[in-house]
Amino acid sequence: MSLRPNLATAVPEETAKVARAAFPRGCLLMDVRDSLGPVFDDTRFARLFSTRGRPAEVPWRLALVTLLQFAENLSDRDAADAVRARLDWKYLLALPLDDPGFNSTVLCEFRAKLVDGHAEHELLDAVLAVAVARRLVRPLGRQRTDSTHVLAVVKMRSRIDAATEAFRQVLNVLAVAAPAWLLSQTRPHWANRYSGHGDWGHAAKARAGRDGHVRELGEDGHHLLAAIWADEAPDWLRRLPAVEILRRIWGQQFYLCDDGVRWRGPGEGYAPSSRFISSPYDPDARYGRKRTTTWVGYKAHLTEACDEGRPRIITHVQTETAHRRWRGDDPGSPGSGRQRAAARPAPGGHRLPRRRSSDRGHTGLRR
């Protein structure tokens with residue numbers, strides 16, 4: 001798709017007339033448009049689009065729809081329907097009343113362009129630029145930082161289930177990448193044991209049955225890894241991401257002794273949470289804990305301006321692995337003034353708030 005940047009247009013006269021009649025006292029989205037204007041412009045997103053091809057939907061409108069979709073917790077299809085059906089949305093987006101909208105898949109494509117182009121920050125930068133211009137954020141004002149959990153899209157499994165899933169994932173990958181080689185290494189019981197998604201951490205009530213499964217699982221994984229690292233095996237097998245994940249998980253969950261492969265217990269020690277892989281499907285997700293909340297995933301640090309008499313506006317967002325702990329204002333620590341200032345210049349060259357008010361545990365932000 002191609003983009004020919006256009007300036008944000010004014011609200012069509014007919015749309016404004018009908019909206020004023022329907023909302024004589026105004027509404028939230030009409031007030032946003034009247035007070036802040038269109039917020040975004042196409043020049044922010046021009047580098048994400050080609051100069052040739054079919055014209056794309058107007059990016060500044062897609063950016064606004066993306067924010068509204070998040071604020072109202074709408075699916076792509078519901079958001080596209082709201083563009084066609086809701087009068088307040090048409091007013092904010094400066095659309096004529098008879099505008100047919102767009103296909104819902106356009107929103108997914110737009111988000112993909114933002115991620116692929118590392119342009120996610122453009123949404124926040126544009127909002128902050130408008131906030132500074134309207135004096136909603138005071139330079140060198142007060143701000144505070146808090147953190148919240150971000151869940152990984154994986155099922156919370158036991159250590160046994162995670163190891164079983166890692167082995168199953170490798171078998172599925174090798175069945176596509178090297179089917180003949182895998183067939184020569186497969187043991188007779190693999191097809192029955194690893195063909196379906198079992199839940200050995202809970203289903204195997206008897207300790208003897210669980211221990212037997214764990215012992216065979218460890219031996220199966222060790223057998224496959226030894227075959228992959230054998231001299232006669234193709235060397236490209238070792239570079240498969242699923243194989244590397246299996247190797248790391250087996251090092252964390254099992255150990256070799258004179259009796260063979262054994263399951264790690266408290267006596268042998270566990271990998272620290274900074275390296276422990278909880279799921280083979282998201283190897284970067286880590287175990288996190290904040291007071292009474294525990295989760296597997298990531299941690300988001302949010303900084304907001306908190307001056308008296310001014311709106312609470314998010315000024316910085318940083319996402320990192322869940323095991324990281326808050327270290328106050330140490331240089332380079334999450335949320336520290338030095339790191340936030342160096343991460344990205346403020347829009348329009350303005351200085352954003354840098355004086356922060358928070359305690360050691362990120363409890364200042366009210367969610």
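Given the structure is predicted, the values throughout are model-derived calculations rather than measurements.

Explanation requested: the packing of helix α8 (residues 159–177) against helix α13 (residues 241–253) in the structure shown.
For any two helices packed against each other, one specifies the crossing angle of their axes together with the interaxial distance. Axis separation between α8 and α13 bottoms out at 9 Å; the angle between their running directions is 155°. If you check the angle between α8 and α13, you find them roughly antiparallel. Relative to α13, the crossing made by α8 is left-handed. In this structure, α8 uses Arg159, Ala163, Ala166, Phe167, Gln169, Val170 and Val173 to contact α13, whose residues at the interface are Ala242, Val243, Leu246, Ile249, Trp250 and Gln253. Class assignment for the residues of the contact of α8 with α13 results in 10 nonpolar, 2 polar and 1 charged.

So what exactly am I meant to see when it comes to the layout of surface pockets here?
One way to see where empty space is left: roll a probe the size of a water molecule over the atoms. For the largest pocket, the calculated volume is near 1,700 Å³. For the largest pocket, the lining is made up of 37 residues, of which Leu67, Phe70, Leu123, Leu124 and Val127 are closest to its centre. Secondary structure elements with two or more residues in the lining of the largest pocket: α2 (28–36), α3 (59–72), α6 (105–116), α7 (121–133), β5 (293–305) and β6 (314–321). In terms of residue count, the dominant contributor to the lining of the largest pocket is α3 (8 residues). Within the lining of the largest pocket, the residues separate by chemical class into 26 nonpolar, 5 polar and 6 charged.

What's the story with the packing of aromatic side chains in this structure? I'm lost.
To describe a pair of aromatic rings, one takes the distance between the centres and the angle between the planes. Here the structure, examined in full by the defined rule, presents 7 aromatic pairs. Residues Phe167 and Trp190 carry aromatic rings whose centres are separated by 5.1 Å and whose planes lie at 85° to one another, so their mutual orientation is edge-to-face. One end of the pair, Phe167, is in helix α8; the other, Trp190, is in helix α10 (residues 190–194), with 23 residues separating them in the sequence. The exposure class of Phe167 is buried, given its relative accessible area of 0%. Among the residues examined, Trp190 registers a relative accessible area of 2% and is labelled buried. Pairing Phe167 with Tyr194 gives two aromatic rings, centres 4.7 Å apart and planes at 65°, and the pair type is edge-to-face. With Phe167 in helix α8 and Tyr194 in helix α10, this residue pair connects regions lying 27 residues apart in the sequence. Each member of the aromatic cluster is reached from another via a ring pair, and the members are Phe167, Trp190, Tyr194, Trp250, Phe254 and Trp263. In this arrangement the basic side chain of Lys113 is found over the ring face of Phe49, its NZ or CZ atom lying 5.1 Å from the centre.

The rules behind the values
Residues numbered from 1 in each chain as written. Predicted model: local features only at pLDDT ≥ 70, side-chain atom pairs only at ≥ 80, totals over all residues. Heavy atoms only, no water. Axes fitted to C-alpha atoms, helices over the stretch in contact; angles between N-to-C directions. Helix = DSSP H or I, 4+ residues; strand = E, 2+ residues; numbered from the N terminus. Parallel < 35°, antiparallel > 145°, perpendicular 65-115°, else oblique. Left-handed = near helix turned anticlockwise from the far one by under 90°. Contact = heavy atoms within 4.5 Å. Nonpolar A, V, L, I, M, F, W, Y, C, P; charged D, E, K, R; others polar. 1 Å grid on protein atoms, 1.4 Å probe; cavity = no way out; pocket = protein on both sides within 12 Å on 5 of 7 lines; lining within 4 Å. Points joined across faces, edges and corners; volume = space filled by probe spheres on them. Phe/Tyr/Trp six-rings, centres within 6.5 Å; stacked < 30°, edge-to-face > 60°. Buried < 20%, exposed > 50% of the residue type's maximum accessible area, 1.4 Å probe, protein only. Lys NZ or Arg CZ within 6 Å of the ring centre and 35° of its normal.

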